[in-house]
Amino acid sequence: TKLLTSGWWGMARKINYTGDWIMGLSWCMLCGFESIVPYYYAIYFAILLVHRSIRDDHMCQEKYGDDWGKYKAIVPYRFIPGVI
């Protein structure tokens, strides 16, 4: 199994989660800004994705061993390149 260090996954390890969350947030924004209720989805989804990425990180560490640490050194950002 290869770890991708180019393209989208060379910028952030879970860049697809960022895209998913932005899409979910945009659905919430269609409801406007008068109530926080529509944004509960985006908040819940963000928590879910962060938790999932932490679990994935542990599973990948077990699966790839030392190569996972090297991969994280090459691709240090989890969600947003240059930020987090």
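Everything below is about the structure printed above this text.
Cut-offs used in this document
- Residues numbered from 1 in each chain as written.
- Predicted model: local features only at pLDDT ≥ 70, side-chain atom pairs only at ≥ 80, totals over all residues.
- Heavy atoms only, no water.
- Helix = DSSP H or I, 4+ residues; strand = E, 2+ residues; numbered from the N terminus.
- Buried < 20%, exposed > 50% of the residue type's maximum accessible area, 1.4 Å probe, protein only.
- Contact = heavy atoms within 4.5 Å.
- Patch = residues over 30% accessible without salt bridge, like charges linked within 9 Å, V, L, I, M, F, W, Y side chains within 5 Å.
- Areas by Shrake-Rupley, 256 points an atom, 1.4 Å probe, with all protein chains shown as cover.
- Salt bridge = Lys/Arg side-chain N within 4 Å of Asp/Glu carboxyl O.

A.B. asks: Kindly report on the environment of W21, identifying the contributing residues and their values.
C.D. replies: For W21, the position within the fold is in helix α1 (residues 15-29). The partly exposed category is assigned to W21, whose relative accessible area is 30%. C-alpha of W21 to C-alpha of Y41: the two residues are 20 residues apart in sequence and 9.8 Å apart in space. When sequence neighbours within four positions are dropped, the list of residues in contact with W21 reads A42, F45, A46 and L49.

A.B. asks: Residue-level account of a nonpolar patch on the surface, with values.
C.D. replies: Taken together, the side chains of M23, W27, L30, Y41 and Y44 define a hydrophobic patch exposed on the protein surface, amounting to about 590 Å² of accessible area. Mapped by element, the contributors of at least two residues to the nonpolar patch are α1 and α2 (40-64). Mapping L30 onto the fold places it in the loop between α1 and α2. Judged by its relative accessible area of 72%, L30 falls in the exposed class.

A.B. asks: Describe the pattern of salt bridges, and please don't skip the residues or the numbers.
C.D. replies: Under the counting rule described, the total for this entry stands at 3 salt bridges. Between D56 and K14 there is a salt bridge; the shortest N-O distance is 3.2 Å. With D56 in helix α2 and K14 in the segment before α1, this pair connects stretches of sequence that are 42 residues apart. For D56, a relative accessible area of 13% translates into the label buried. Judged by its relative accessible area of 14%, K14 falls in the buried class. The partner of D57 in a salt bridge is K72, and the shortest N-O contact between them spans 3.2 Å. One end of the pair, D57, is in helix α2; the other, K72, is in helix α3 (residues 66-74), with 15 residues separating them in the sequence. The exposure class assigned to D57 is buried, which follows from its relative accessible area of 13%.

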